[in-house]
Amino acid sequence: MSEREHDEEFEAFLRYLSGSRNFDFTAYKRPSLSRRVRKRMQEVGIASYSDYTDYLEVHPEEFTSLFDTILINVTSFFRDPPAWEFLANQVIPDIVREKRSTDQIRVWTAGCASGEEAYSIAVILADLLGEEQYRARVKIYATDVDEDALASARHAVYTAKHIAAVPERYRHAFEASNGHFAFRKDLRRAVIFGRHNLLDDAPISRVDLLVCRNTLMYLNAEGQARVFERLYFALNNGGYLFLGKAETLVSHTAALQPVDLKLRIFQKRRRDEVQDRGLVPAGGESGEADNADDAAVPAATLRALTFEIDPIAQIIIDVHGCLIAVNERARALFGLTLSDIGRPLQDLEVSYRPVELRSLIDQVYAEGRTVNLRDVEWKTPTAVHWLEITVLRLTEATGDTLGVKLVFTDVTRYKELQQQLERSKYELESAYEEVQSSNEELETMNEELQSTNEELAAVNAEMHGQTTELNDVNAFLESILSSLVAAVVVVDAQMRVTAWNHRAEDFWGLRPDEVSGQHFLNLDIGLPVASLRETIRHCLSGEPASEDLLLEATNRRGRTFACRIAASPHRSPDGAIIGVILMMEEAPASSTK
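Predicted, not measured: the structure shown is a model, and the values here were computed from it.

### Points about the pattern of salt bridges
Oppositely charged side chains can form a pair if their charged atoms are brought close together.
Line of reasoning, step 1. Going through the model one piece at a time under the given rule, you end up with 35 salt bridges.
Line of reasoning, step 2. Residue E448 is joined to R36 by a salt bridge in which the shortest nitrogen-to-oxygen separation is 3.2 Å. Of this pair, E448 sits in helix 14 (residues 412-483) while R36 is found in helix 2 (residues 30-43), placing the two residues 412 residues apart along the sequence.
Line of reasoning, step 3. Exposure remark for R36: the relative accessible area of 1% places this residue in the buried category.
Line of reasoning, step 4. With a shortest N-O distance of 2.4 Å, R331 and E308 are connected by a salt bridge. Residue R331 is found in helix 12 (residues 328-334), and its partner E308 is found in helix 11 (residues 296-309); the two are separated by 23 residues along the sequence.
Line of reasoning, step 5. For R331, a relative accessible area of 16% puts it in the buried group.
Line of reasoning, step 6. By relative accessible area, which is 23% here, E308 ends up partly exposed.

### Quick notes on the environment of Q104
Line of reasoning, step 1. Along the chain, Q104 falls in the loop between helix 5 (81-97) and strand 1 (105-110).
Line of reasoning, step 2. A relative accessible area of 34% places Q104 in the partly exposed class.
Line of reasoning, step 3. The residues touching Q104, leaving out its near neighbours within four places in the chain, are K99, R137, K139 and D208.
Line of reasoning, step 4. A polar atom in the side chain of Q104 sits 3.4 Å from the side chain of R106.

### Re the packing of helix 5 against helix 6 (residues 116-129)
Line of reasoning, step 1. Two elements in contact, helix 5 and helix 6, have axes separated by 11 Å at closest approach and are oriented at 55 degrees. Between helix 5 and helix 6, the crossing angle belongs to the class labelled oblique. Of the two possible hands of crossing, helix 5 and helix 6 adopt the one that is right-handed. Here W84, A88, I92, P93 and V96 of helix 5 lie close against helix 6, whose contacting residues are E117, S120, I121, I124, L125, L128 and L129.
Line of reasoning, step 2. Here the contact of helix 5 with helix 6 is composed, by residue class, of 10 nonpolar, one polar and one charged.

### What about the sheet that holds strand 3 (residues 157-159)?
Line of reasoning, step 1. Taken in spatial order, the three strands line up as 3-5-4 in an open sheet, and their pairing is antiparallel. At either margin of the open sheet sits one strand with a lone partner, and together these are strand 3 and strand 4 (174-177). Strand-to-strand twist of the sheet, defined as the mean angle between neighbouring strand axes without regard to direction, takes the value 35 degrees.
Line of reasoning, step 2. Sheet analysis places strand 3 next to strand 5 (residues 180-183), joined by three bridges and oriented antiparallel. By the bridge assignment for strand 5, Y158 is matched with F181.

### Here we look at the sheet that holds strand 7 (residues 207-212)
Line of reasoning, step 1. Strand order across the open sheet formed by seven strands is 6-2-1-7-8-10-9, with mixed pairing between neighbours. Unpaired on one side and paired on the other, strand 6 (191-195) and strand 9 (256-260) mark the two borders of the sheet. Neighbour-to-neighbour, the strand axes of the sheet open up by a mean angle of 20 degrees, direction not taken into account.
Line of reasoning, step 2. Contacts from helix 5 reach strand 1, strand 7, strand 8 (235-243), strand 9 and strand 10 (265-268), with the element oriented near 175 degrees to strand 8.
Line of reasoning, step 3. Helix-sheet contacts for helix 6 involve strand 1, strand 2 (138-144), strand 6 and strand 7, and the interaxial angle to strand 2 is about 170 degrees.

### Here we look at the nonpolar core
Line of reasoning, step 1. Formed by 46 residues in total, the largest nonpolar core has its most connected members in L125, Y134, I140, F183, V191 and L209.
Line of reasoning, step 2. With nine residues, helix 6 is the single largest residue contributor to this core.
Line of reasoning, step 3. If we skip the residues at most four places from it in the chain, L209 touches L87, V91, I92, I95, R106, V107, W108, I121 and Y240.
Line of reasoning, step 4. Within the second largest apolar cluster, 28 residues are counted, among which are V491, V515, L532 and F561.

### A short note on the environment of I525
Line of reasoning, step 1. Within the secondary structure layout, I525 lies in the loop between helix 16 (512-515) and helix 17 (533-541).
Line of reasoning, step 2. Residue I525 is classed as buried on the basis of its relative accessible area of 11%.
Line of reasoning, step 3. Taking C-alpha positions, I525 is 5.7 Å from W508, a pair spaced 17 residues apart along the chain.
Line of reasoning, step 4. Leaving out residues up to four positions away in the same chain, I525 has contacts with W500, W508 and L510.

### Looking at the confidence of the model for the protein chain
Line of reasoning, step 1. Taken residue by residue, the protein chain gives an average pLDDT of 83. The fraction at 70 or more is 87%.
Line of reasoning, step 2. Mean pLDDT across the elements of the protein chain ranges from a minimum in helix 11, with 64, to a maximum in strand 1, with 96.
Line of reasoning, step 3. Here residues 272-298 is a poorly scored stretch, pLDDT under 50, and it has 18 contacts once near neighbours within four places are set aside; other chains count.

### What to know about helix 5
Residues separated by three or four positions in an α-helix point in the same direction, a consequence of the helix having 3.6 residues per turn.
Line of reasoning, step 1. When the terminal C-alpha atoms of helix 5 are compared, their 23 Å separation across 17 residues agrees well with the 24 Å that a helix rising 1.5 Å per residue should span.
Line of reasoning, step 2. The sharpest bend along helix 5 measures roughly 40 degrees and falls at L87.
Line of reasoning, step 3. The set of residues buried in helix 5 consists of A83, W84, L87, A88, V91, I92, P93, D94, I95 and V96.

### Digging into unusual backbone geometry
Line of reasoning, step 1. Geometrically, the link from R353 to P354 is a cis peptide bond, its omega value of 10 degrees lying close to zero.
Line of reasoning, step 2. Counting through the fold element by element, P354 comes out in the loop between helix 12 and helix 13 (357-367).
Line of reasoning, step 3. Even without being a glycine, F78 presents a positive backbone phi close to 50 degrees.
Line of reasoning, step 4. In this fold, F78 is placed in the loop between helix 4 (62-71) and helix 5.
Line of reasoning, step 5. Accessibility expressed as a relative area gives 8% for F78, which makes it buried.
Line of reasoning, step 6. For D375, which is not glycine, the phi torsion reads 55 degrees and is therefore positive.
Line of reasoning, step 7. With respect to the helices and strands, D375 occurs in strand 13 (residues 371-379).
Line of reasoning, step 8. Taking relative accessible area as the criterion, D375 reaches 46% and is therefore assigned partly exposed.

Rules used throughout
Residues numbered from 1 in each chain as written. Predicted model: local features only at pLDDT ≥ 70, side-chain atom pairs only at ≥ 80, totals over all residues. Heavy atoms only, no water. Salt bridge = Lys/Arg side-chain N within 4 Å of Asp/Glu carboxyl O. Helix = DSSP H or I, 4+ residues; strand = E, 2+ residues; numbered from the N terminus. Buried < 20%, exposed > 50% of the residue type's maximum accessible area, 1.4 Å probe, protein only. Contact = heavy atoms within 4.5 Å. Polar contact = N/O pair within 3.5 Å; in protein donor to acceptor, adjacent residues only side chain to side chain. Axes fitted to C-alpha atoms, helices over the stretch in contact; angles between N-to-C directions. Parallel < 35°, antiparallel > 145°, perpendicular 65-115°, else oblique. Left-handed = near helix turned anticlockwise from the far one by under 90°. Nonpolar A, V, L, I, M, F, W, Y, C, P; charged D, E, K, R; others polar. Pairing = 2+ DSSP bridges. Core = buried A, V, L, I, M, F, W, Y, C linked by side-chain atoms within 4.5 Å. pLDDT = per-residue confidence, 0-100. Expected span 1.5 Å × (residues − 1). Bend = angle between axes of the 7 residues up to and from the residue.

In structure tokens, the structure reads:
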């Protein structure tokens, strides 16, 4: 299968998950996501996504194991202690200081897994506020997409290993019972658990502290942007966001300022109230006194000259819609001439290119305020200009409208610099995202390795227990064989020796390690073993046991004696004959007669 076909099959599999279980993983990073799905497929012995889809249809309980593998619910109390110390000593006290004594404190832990982070925040707030204030004022919302993880979090029972990371001063929040530790119910009531998908569901609002750790790292750039919009909306002004150590917000520093970048703690910038102030030119050209003396003439000329040579293009339209004045820069920019003065604006090309001016003028007259239009593109035969257009109402002292003034500020250079900056920023962000992606991949692989190591440790512990049990059974059987007075030899279906007790060693002078695996009939001992061939075969075939054999034998010391041999089938637990057990002992002298 080609790489493209493989990718298409994987995308079809993701669509199946979304349609069948409402789990939408399309915003997750493909390399780590496909690696985790393949890991689970290998565990159940399936090679293709289509076959795995069929398997899920037949075995719906497999979805739980698959989602556990994908989501990697790895968490702990006070994970990354320096960050939690900063949170407890700086961030949460700051939140409390900004509140009145009756104000509610709202916290959201998104992607809470089995609840350790939510309860870590709870004990900090209970310690800082006092338990009575904590119960009255604090709401901690803990969410995740994994229902099994939420069920475990609501249960709130942990092992000694889990709470080992909880500082001693917070241990009073746990009650010990039967070797486990339960988070106290009276403190737990402030923590509300619920299923929530960060990519699709509406965010919780008015949050003072938002903990979202090691969740963004699994998403692609589009998914991260979608989640960030929800996190930003959720936060109060001045609220704090706490991310995982492999995550950051390079693209959103205008909205969130870093409090401690190394610890991944950010704060939503506070908005200053801004009052809109329109500029209304006063007096207009008619502001001159009728009895102005000759000294006023140079001033009028100076004003006219200033308007003419102003580097910003300007046009003045009277209340009847006619062009009254146009300066040199406007004439050059829009191809106007002095002969156009007095013509109706609607007869001029500038009235609709680069933008419809008459509608802007009508808006100024209707609303009585200044109108601004940004990022207007104006193409000339030699260049492209970017303009910011301002339309101002001109009034006389009585308040009557005389006309409007249109100001065309050329912001081309600024636009070019802005575009260059955006390109540089994009290139920098792309480079950083590549590095970040690599770091996140490494972090993900580390999480997966940690999970695998824990699984291996559990398997090793289980195997160790089985080995101990097996050793105990072998020792028990060995003690039984050693305690028997008779010599015991066990052979398998091919007549190879599988057991040889100490009495057999005493009879025939061979140790167990010398005969183990040897064909019994090939052994050179003081017993005519060939005489036992038919007896052994009868036992292996399941025929009724014959009478004991009495053979003349010579022991390892050279003494001749009568050896009584009893043969019986050796059966497996299911009753199948897998060998023969031979019991050998010295017959009493009377039996040889």
